[in-house]
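Residue-level structure breakdown
This is what each chain is made of:
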Amino acid sequence: MNEDDLPPKPANDALDDTSFAGGLGVTFAGLVWIAIFAAIGGLVLWGAMHWLG
């Protein structure tokens with residue numbers, strides 16, 4: 001089987017964006033998720049130290 005035997009890719013496949021902008025967007029989104037989880041964890045730790053300490 002070679003590349004000619006495979007069906008063509010969809011025209012607008014957002015999950016398979018290999019451009020620089022697509023990679024930058026994925027990186028930025030990942031950093032945003034990490035920041036959100038860090039903020040939630042920080043609030044939980046602050047609350048535990050504030051009320052239990």
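Residues numbered from 1 in each chain as written. Predicted model: local features only at pLDDT ≥ 70, side-chain atom pairs only at ≥ 80, totals over all residues. Heavy atoms only, no water.

**Some points on the overall build of the protein**
When helices and strands are counted, the protein shows 1 helix and 0 strands. Within the protein, the proportion of its 53 residues that are buried is 4%. (Helix = DSSP H or I, 4+ residues; strand = E, 2+ residues; numbered from the N terminus. Buried < 20%, exposed > 50% of the residue type's maximum accessible area, 1.4 Å probe, protein only.)

**Quick word on the packing of aromatic side chains**
Scanning the entire structure with this criterion turns up 2 aromatic pairs. Geometrically, the ring pair formed by tryptophan 46 and tryptophan 51 is edge-to-face, given 6.0 Å between the ring centres and 70° between the ring planes. Assigned by exposure class, tryptophan 46 and tryptophan 51 land together as exposed. (Phe/Tyr/Trp six-rings, centres within 6.5 Å; stacked < 30°, edge-to-face > 60°.)

**Focus on a nonpolar patch on the surface**
Together, Phe28, Val32, Trp33, Ile36, Phe37, Ile40 and Val44 line one region of the surface with nonpolar side chains, adding up to about 740 Å² of accessible area. Along the chain, the position of isoleucine 36 falls in helix H1 (residues 20-52). (Patch = residues over 30% accessible without salt bridge, like charges linked within 9 Å, V, L, I, M, F, W, Y side chains within 5 Å. Areas by Shrake-Rupley, 256 points an atom, 1.4 Å probe, with all protein chains shown as cover. Salt bridge = Lys/Arg side-chain N within 4 Å of Asp/Glu carboxyl O.)

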